[in-house]
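Remarks on the overall topology
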Amino acid sequence: RVLIILALGVVVLFVSIWYETRMEESDHSYHFVQLSKRNLREELGSRLELEKDDKFLMRLDEAINVINETFTRFTSLEDIAISFNGGKDSTVLLHMLLYCASRLGKLTPYISLTNSDQSSRWKAPWLKAIYFEQGDCFTEVTDFTKEIYKNYGLKLFTSSKPIKEGLFDFTSNPETTFKAIFVGARQSDFEKKIDFFSETDAGWPRMTRVHPLKDWDYRDIWMYIRGLEVPYCMLYDKGYTSLGGKKDTIPNPDLMNSDGTYLPA
């Protein structure tokens, strides 16, 4: 009996190691589950060899605190949404949001019954992802956003209307309404001062806009992406430093090589 119990123990250990290895190789969301077991500040500080008082780490602390505070203020997950357009800022914000959700036990385990399904094994089906489509959007951006939505099982809601009109549509529908929306906006994007939490102006749908990254700069965004190896839209590897529509977005001339190719952002 002792030998049988020991043999079963070895089998269980082997299966556990195999499962975790397979998850690590094929599952993007495994990243969040593993990260959630560690302190993100210490992880990034170690990988990037930063001092404990580095300003980037202080802004990271602020952002995580804002996200956690949002979960405290809005206890129903159905009240929370994120504006995600595939750009670098919203990519960082989504990654950090899922990290915080994982630490708080708010991700849902999902096991596929088919080997062909390589999407994420951890989902956030409660998270409403708001995407405003542009008629001249880059294919690379569209493909990346679709991959992200699928991987994390987000509730995707799209609109081709202007933002104000689209938000009225979303918030007037019981199935798509929300009370707080995470936005990857940074202070450098605005002339007017923005806060971590701000109510919408008069004439707009009533909601709280949450800006965890408001004090971040361009360097901070890429330190987070590179430091944690966060997947991002491939256009940034082709010289683009910001993404919009095809008509008004070009690679950054300062990144052009002598042969006409571009350095990554």
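Numbering of residues starts from 1 in every chain and runs along the sequence as written. Residue-level local features of this predicted model are given only where pLDDT is at least 70; pairs of side-chain atoms are given and counted only at 80 or more, and the full residue set underlies all totals for whole chains, interfaces and linings. Only hydrogens and water are set aside when side-chain values are computed; all heavy atoms of the structure are taken into account.

Describing the overall build of the protein chain
- For the protein chain, the count of helices and strands is 8 helices and 8 strands.
- Here the term buried applies to any residue with accessible area under 20% of the maximum for its type, exposed to any over 50%, and partly exposed to those in between, with areas from a 1.4 Å probe on protein chains only. Buried positions account for 45% of the 265 residues belonging to the protein chain.
- Restricting the contact set of the protein chain to residue pairs at least 6 apart, pairs at least 24 apart contribute 70%. Starting at the N terminus, helices and strands are each numbered in turn, a helix being any DSSP run of H or I of at least four residues and a strand any DSSP run of E of at least two. The contact definition used throughout considers only heavy atoms, calling two residues in contact when any of these lie within 4.5 Å.

Notes on the environment of Glu42
- Along the polypeptide, Glu42 turns up in helix H3 (residues 40-47).
- Residue classification places Glu42 among the exposed positions, given a relative accessible area of 57%.
- Separated by 10 residues in sequence, Glu42 and Lys52 have C-alpha atoms that sit 8.4 Å apart.

Brief notes about the packing of helix H4 (residues 55-73) against helix H8 (residues 218-228)
- At a closest axis distance of 11 Å, the pairing of H4 and H8 adopts a crossing angle of 80 degrees. Taken together, the axes of H4 and H8 lie roughly perpendicular to each other. Across the interface between the two elements, Phe56, Arg59 and Leu60 of H4 pack against Arg219, Asp220, Met223 and Tyr224 of H8.
- Amino acids outside the nonpolar list (Ala, Val, Leu, Ile, Met, Phe, Trp, Tyr, Cys, Pro) and the charged list (Asp, Glu, Lys, Arg) are all regarded as polar, and Gly is one of them. Of the residues that constitute the contact of H4 with H8, the class distribution is 4 nonpolar, no polar and 3 charged. Think of each axis as a best-fit line through the C-alpha atoms, taken over the contacting stretch in the case of a helix, with angles from 0 to 180 degrees between the N-to-C directions. For classification purposes, angles smaller than 35 degrees are called roughly parallel, those larger than 145 roughly antiparallel, those between 65 and 115 roughly perpendicular, and all remaining angles oblique.

Notes on the sheet that holds strand S6 (residues 180-182)
- At least two DSSP bridges between two strands are needed for those strands to be called paired. Taken together, the 6 strands give an open sheet; going across it, the order is S5-S4-S1-S6-S8-S7, and neighbouring strands pair in mixed fashion. Single-partner strands in this sheet number two, and they are strand S5 (155-159) and strand S7 (197-199). For this sheet, the mean inter-axis angle between neighbouring strands, taken without regard to orientation, is 30 degrees.
- Of the strands in this sheet, strand S1 (80-83), S6, S7 and strand S8 (208-210) touch H4, which is tilted by about 50 degrees from S7.
- Across the sheet, helix H7 (residues 163-171) touches strand S4 (128-132) and S5, and the angle it forms with S4 is around 150 degrees.

Notes on helix H5 (residues 88-103)
- Expected helix span is computed as 1.5 Å times (number of residues minus one). With 16 residues, H5 ought to run about 22 Å at 1.5 Å a step, and its terminal C-alpha atoms sit 23 Å apart, in line with that.
- Buried residues dominate H5, accounting for 15 of its 16 residues.
- Just downstream of H5 lies Gly105, where phi reads positive at about 70 degrees.

A closer look at the side chain of Arg59
- As for its position among the elements, Arg59 is in helix H4.
- Discounting chain neighbours no more than four positions away, the residues touching Arg59 are Asp215, Trp216, Asp217 and Asp220.

Points about the nonpolar core
- The definition of a nonpolar core used throughout is a set of buried Ala, Val, Leu, Ile, Met, Phe, Trp, Tyr and Cys residues joined through side-chain atoms within 4.5 Å. Counting 56 residues, the largest nonpolar core has Leu60, Met96, Leu127, Trp216 and Tyr224 as the members making the most contacts within it.
- Looking at this core, the elements that each hand over two or more residues are H3, H4, S1, H5, S4, helix H6 (139-152), S6 and H8.
- If you tally residues by element for this core, the top one is H5, at 9 residues.
- Leaving out residues up to four positions away in the same chain, Leu60 has contacts with Leu40, Arg41, Leu44, Met96, Trp216 and Tyr224.
- Listed in part, the 11 residues of the second largest apolar core include Ala81, Ile130, Phe132 and Met207.

Some points on the pairing of S4
- Where burial is concerned, most of S4 is hidden: 5 out of the 5 residues are buried.
- Residues Lys128, Ile130 and Phe132 line one face of S4 and the alternating positions Ala129 and Tyr131 line the opposite face, and both faces are buried.
- Of the strand pairs in this sheet, S1 and S4 are connected by 3 bridges, and their pairing is parallel. Bridging across to S4, Ala81 finds its partner in Lys128.
- Strand direction decides the pairing type here: S4 and S5, joined by 5 bridges, are parallel. The partner of Ile130 across the bridge, within S5, is Phe157.

Quick look at the packing of aromatic side chains
- Only Phe, Tyr and Trp rings are paired, with Trp represented by its six-membered ring, and only when their centres lie within 6.5 Å; those with planes under 30 degrees apart are stacked, over 60 edge-to-face, the remainder tilted. Here the structure, examined in full by the defined rule, presents 11 aromatic pairs.
- Ring plane angle 65 degrees and centroid distance 6.1 Å describe the contact between Phe132 and Phe170, whose orientation is recorded as edge-to-face. With Phe132 in strand S4 and Phe170 in helix H7, the pair connects residues that are 38 residues apart, well separated along the chain. Pair check on accessibility: Phe132 and Phe170 agree, each one buried.

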